[in-house]
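The chain contents come next:
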Amino acid sequence: MTAREFTFRLLLRQKKEGAYSNLLLDNHLKASDLSGQDKAFATALFYGVIETQIYLDYQLEGALKQPLKKLRDEVFIALRMGVYQLFLMDKVPAAAAINESVKLVKKHGCAYAAGLVNAVLRALSRSGERLPEQSDKRYLSVKYAIPQALIDLWIKDYGKSDTIGILESFSTKSAQTVVRVNTLLCDRDSLLQRLKSEGVEARVNEAVENSLVLKKSGALTLIPSFREGLFHVEDTAAQKAALLLGALEGERVLDTCAAPGGKSFTVAEQMKSGEVLACDIYESRVALIREGAQRLHIPFIKACVQDASEYHESLGLFDRVLCDVPCSGLGTIAKKPEIRYKTKEQIMACVPVQKRILATSFRYLKPGGTLVYATCTLNKAENEEVIEAFLRESKAQLVFQKTFFPHTDTTDGFFAAVIKKDDS
């Protein structure tokens, strides 16, 4: 099977089933017999077509006489793949992009459309890409391949300048992995040297203490220092949110929505001793926390299945609570491209859940205790407005809140608020 055939099949399945792109691709890459070069090409093409659908469809609309929705999925996907290769993959010859797309429709029961695919792609190859005029409201949406409704939301919440910064950041790929040093087992400099000896290029992450940025690390599970528990993967903003909790040695800490466990690990490493109860609603995800805690050699993390929206008095009270709630994930579009296509209804459906979890989590705090509310989204309705509503109804004080932007903080889009419970 060729890389294009592999990609075509996955895109067709993703369109029909709505499967998560990263899980779908990872599972099939592992089972494939593609070469390393072909896997890299297929990965770039697969994610690229998903990410840039709005841009690709705009190009096709200008070259087709019929509406896109009338095309069979097989023809539609072959055309999108062809346009992506023509305009957004530098090293693909136009002839290859066109001819291979024609072969795909012929092979998958759409030979009748071979002439159409050939004519459309050749016409686009001659004319080049097109964009709306900058005065056209669609300009940003087409250029950055982000739905207009989401752009409007960000402009309303953050202004046009920051919105363009967000869009630019999400369109710029970076082959980097941010990791947290396990300070219970080593220090930053010794891990740097260890990684160098293992052939991994790394540098100090100046944005947060005890953190490194890895370049071209390959599969982390194959790196001895990872297997030995000397670090775990965690974005810069997530590390900062965990550190905002300010957990101290010997304290009792609750992480209400912990899986896969990154923030729990960071908090525990900062504490050195005490108790961290890391909860999640699904056993399979709780298992990930247990596995991570075992790999990192942190014996005082206890992982359990628990619905964060339901209060259980038997858990007792805690000095600090980390409340990293389920959210729309709009701050992680660079990593999870299909998130950009969530509807307004899907985005706003998170808010009632977030409010319930925050109110329940606050009940576990001792008087004078500290809670950190966090999301990986860029949406004031899920962030500042949830905090404002909570503060109106509780005996709590807002100590600090911050939105982390990808273009100014070099992180995922993220929000964190520190809340303190009254002593009474």
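One can find the structure itself at the top, above this paragraph.
Predicted, not measured: the structure shown is a model, and the values here were computed from it.

Caption draft 1: The arrangement of the pattern of salt bridges in detail. A complete count under the given rule lists 23 salt bridges for this structure. A salt bridge links Arg138 to Asp136; the shortest N-O distance between them is 2.8 Å. Ionic contacts of the salt-bridge type, sharing partners, join the residues Glu5, Arg9 and Lys107 into one network.

Caption draft 2: Spotlight on the pairing of strand β5 (residues 252-255). In this sheet, strand β6 (residues 275-280) lies alongside β5 in parallel orientation, the contact comprising four bridges. Paired with Leu254 across the strands is Leu277, a residue of β6. Running through helix α14 (residues 262-271), the crossover from β5 to the neighbouring parallel element β6 is right-handed. Of the strand pairs in this sheet, β5 and strand β8 (residues 318-324) are connected by three bridges, and their pairing is parallel. When the bridges of β8 are listed, Val253 appears paired with Arg320.

Caption draft 3: Quick peek at the packing of aromatic side chains. Under the counting rule described, the total for this entry stands at nine aromatic pairs. An aromatic cluster is built from Tyr311, Phe318 and Tyr364, whose rings are joined through pairwise contacts. Lying over the aromatic face of Tyr58, Arg130 brings its terminal NZ or CZ to 4.0 Å of the ring centre. One Lys or Arg, Arg252, reaches over the ring of Phe318 and ends 4.0 Å from the middle of that ring.

Caption draft 4: Molecular detail of the packing of helix α5 (residues 73-88) against helix α6 (residues 94-107). Contact pair α5 / α6: the axes reach a minimum separation of 9 Å and the direction vectors enclose 170 degrees. Taken together, the axes of α5 and α6 lie roughly antiparallel to each other. Together, Glu74, Val75, Ala78, Met81, Gly82, Gln85 and Leu86 of α5 and Ala94, Ala97, Ile98, Ser101, Leu104 and Val105 of α6 make up the contact between the two elements. Looking at side-chain class alone, the contact of α5 with α6 contains nine nonpolar, three polar and one charged residues.

Caption draft 5: View of helix α1 (residues 3-17). Here α1 contains 15 residues, and its C-alpha end-to-end distance of 21 Å stays within 8% of the 21 Å for a straight helix at 1.5 Å per residue. Among the residues of α1, Ala3, Arg4, Glu5, Phe6, Thr7, Phe8, Leu10, Leu11, Leu12 and Gln14 are the ones counted as buried. Contacts from the buried residues of α1 go to α2 (21-31), α3 (36-51), α5 and α6. Immediately downstream of α1, the backbone of Gly18 shows phi near 65 degrees, a positive value.

Caption draft 6: Fine view of the packing of α3 against α5. At a closest axis distance of 10 Å, the pairing of α3 and α5 adopts a crossing angle of 110 degrees. Relative to α5, α3 is oriented roughly perpendicular. In this structure, α3 uses Phe41, Ala44, Leu45, Gly48 and Val49 to contact α5, whose residues at the interface are Arg80, Met81, Tyr84 and Gln85. A class-by-class count of the residues in the contact of α3 with α5 yields six nonpolar, two polar and one charged.

Caption draft 7: Structural detail: α6. For α6, which comprises 14 residues, the first-to-last C-alpha distance of 20 Å matches the rise-based estimate of 20 Å (1.5 Å per residue) to within 8%. If you check which residues of α6 are buried, you get Ala97, Ile98, Ser101, Val102, Leu104 and Val105. On an axial view of α6, the arc spanned by its buried residues comes to 155 degrees, and they lie on one face. Among the exposed residues of α6, those oriented more than 90 degrees off its buried face are Lys106 and Lys107. Residues of α6 that are buried sit in contact with α1, α5 and α7 (114-127). Immediately downstream of α6, the backbone of Gly109 shows phi near 75 degrees, a positive value.

Caption draft 8: Representation of the sheet that holds strand β10 (residues 396-404) within the structure. Ordered by their spatial adjacency, seven strands build an open sheet running β7-β6-β5-β8-β9-β11-β10, and the pairing between neighbours is mixed. The outermost strands of the open sheet, each flanked by one partner alone, are β7 (301-305) and β10. Here the average twist between neighbouring strands, direction ignored, is 15 degrees. Here β10 pairs with strand β11 (residues 414-421) via eight bridges, running antiparallel. Paired with Gln397 across the two strands is Lys420, which belongs to β11.

Caption draft 9: Geometry of the nonpolar core. Counting 49 residues, the largest nonpolar core has Phe46, Leu60, Val75, Leu79 and Met81 as the members making the most contacts within it. Elements that contribute at least two residues to this core include exactly α1, α2, α3, α4 (53-61), α5, α6 and α7. Per element, the largest residue contribution to this core is 10 residues, and it comes from α5. Leave out the neighbours within four places in its chain, and Met81 touches Arg4, Thr7, Phe8, Leu11, Leu45, Val49 and Leu104.

Caption draft 10: Representation of unusual backbone geometry within the structure. Geometrically, the link from Ala259 to Pro260 is a cis peptide bond, its omega value of 5 degrees lying close to zero. By secondary structure assignment, the location of Pro260 is in the loop between β5 and α14. Of note in the backbone geometry, Lys272 takes a positive phi value of approximately 80 degrees without being a glycine. Its location among the elements puts Lys272 in the loop between α14 and β6. Here Thr410, not a glycine, exhibits a phi torsion of approximately 55 degrees, which is positive.

Caption draft 11: How the structure looks around the side chain of Thr370. Checked against the element boundaries, Thr370 lands in strand β9 (residues 365-375). In this view, Thr370 contacts Leu245, Asp319, Arg320, Val321, Leu365, Val418, Ile419 and Lys420; residues no more than four positions away in its chain are not counted.

Caption draft 12: Up close: the sheet that holds strand β1 (residues 176-181). One open sheet holds the four strands; their spatial order is β2-β3-β1-β4, and the pairing between them is antiparallel. The open sheet has two edge strands, β2 (201-204) and β4 (231-233), and neither has a second partner. Across the sheet, the mean angle separating the axes of adjacent strands is 35 degrees when strand polarity is ignored. Pairing of β1 with strand β3 (residues 211-215), which is carried by five bridges, proceeds in the antiparallel orientation. Each residue of the ladder has a partner; that of Val178, found in β3, is Val213. Where α14 meets the sheet, its contacts fall on β1 and β4, and the angle it forms with β4 comes to roughly 150 degrees.

Scoring rules and cut-offs
Residues numbered from 1 in each chain as written. Predicted model: local features only at pLDDT ≥ 70, side-chain atom pairs only at ≥ 80, totals over all residues. Heavy atoms only, no water. Salt bridge = Lys/Arg side-chain N within 4 Å of Asp/Glu carboxyl O. Pairing = 2+ DSSP bridges. Helix = DSSP H or I, 4+ residues; strand = E, 2+ residues; numbered from the N terminus. Right-handed = clockwise from strand over helix to strand, strands pointing away. Phe/Tyr/Trp six-rings, centres within 6.5 Å; stacked < 30°, edge-to-face > 60°. Lys NZ or Arg CZ within 6 Å of the ring centre and 35° of its normal. Axes fitted to C-alpha atoms, helices over the stretch in contact; angles between N-to-C directions. Parallel < 35°, antiparallel > 145°, perpendicular 65-115°, else oblique. Contact = heavy atoms within 4.5 Å. Nonpolar A, V, L, I, M, F, W, Y, C, P; charged D, E, K, R; others polar. Expected span 1.5 Å × (residues − 1). Buried < 20%, exposed > 50% of the residue type's maximum accessible area, 1.4 Å probe, protein only. Arc of directions from axis to C-beta. Core = buried A, V, L, I, M, F, W, Y, C linked by side-chain atoms within 4.5 Å.

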